[in-house]
Amino acid sequence: MPGIDECLREAMALPGARGASLVDWTSGLALGTAGDSPVGDHETTAAETAELARSAAEFDSFTAEGEGPGGEPPVEDLILTTRAGYHVLRFVETSFDSSVFLHLWLDRDSGNLALARLRLRDLAERLVLG
């Protein structure tokens, strides 16, 4: 079971990966980072992506369908497409308040969005936060 650093290294090994981070969406702080940031500063990117994640996790429009089996939150991941890339935010189930997500920034030309989504799901399930 990988820790934060190993998880981010595995995420960066994906085709087209430009940057990865583990973010606490309650505080907007990056718990770990790897690679580049779209704005040149991982803390700014963490704060901005946390706003997006918080909106998806808390707004009724996205959560009205209710929790998944076993009390899982209704939002699994978010995908944002830009002209030059993709941003995939994968919510991580934890034994505490589950307020963290993995953020992967992919190059649009060389990234594989479907593969990235599947691998992030696997990484999120195996990630050990201690």
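Model, not experiment: these values are computed from the prediction.

Asker: Got a sec to walk through the side chain of Arg 90? Specific residues and values, please.
Answerer: With respect to the helices and strands, the residue Arg 90 is situated in strand S4 (residues 85–92). Separated by 3.3 Å, the side chains of Arg 90 and Asp 77 make a polar contact. With near-sequence residues (within four places) excluded, Arg 90 lies in contact with Glu 76, Asp 77, Val 100, Phe 101, Leu 102, Leu 120, Arg 121 and Ala 124.

Asker: Account for the pairing of strand S3 (residues 77–81), naming residues and giving values.
Answerer: By the bridge criterion, 5 bridges tie S3 to S4 in an arrangement that is antiparallel. If you follow Asp 77 over to S4, its bridge partner there is Arg 90.

Asker: I'd like to hear about the sheet that holds strand S5 (residues 100–107), residue by residue, with values.
Answerer: Pairing in this open sheet of 5 strands is antiparallel, and the strands run S2-S1-S5-S4-S3 from one edge to the other. Strands at the two margins of the open sheet, each flanked by one partner only, are strand S2 (29–35) and S3. Adjacent strand axes in the sheet meet at a mean angle of 15 degrees, parallel and antiparallel pairs treated alike. Pairing between strand S1 (residues 17–24) and S5: 7 bridges, direction antiparallel.

Asker: Hey, could you go over helix H2 (residues 42–58) for me, with residue numbers and the actual values?
Answerer: Counted at 1.5 Å a residue, the expected span for H2 with its 17 residues is 24 Å, and the 24 Å between its end C-alpha atoms agrees. Turning to H2, its buried residues number three or more, namely Thr 45, Ala 46, Thr 49, Ala 50, Ala 53, Arg 54 and Ala 56. In a view along the axis of H2, the buried residues occupy a sector of 165 degrees, so they form one face of it. Each element contacted by the buried residues of H2 is listed here: S1, S2, helix H3 (60–63), S3, S4 and S5.

How each quantity is defined
- Residues numbered from 1 in each chain as written.
- Predicted model: local features only at pLDDT ≥ 70, side-chain atom pairs only at ≥ 80, totals over all residues.
- Heavy atoms only, no water.
- Helix = DSSP H or I, 4+ residues; strand = E, 2+ residues; numbered from the N terminus.
- Polar contact = N/O pair within 3.5 Å; in protein donor to acceptor, adjacent residues only side chain to side chain.
- Contact = heavy atoms within 4.5 Å.
- Pairing = 2+ DSSP bridges.
- Axes fitted to C-alpha atoms, helices over the stretch in contact; angles between N-to-C directions.
- Expected span 1.5 Å × (residues − 1).
- Buried < 20%, exposed > 50% of the residue type's maximum accessible area, 1.4 Å probe, protein only.
- Arc of directions from axis to C-beta.

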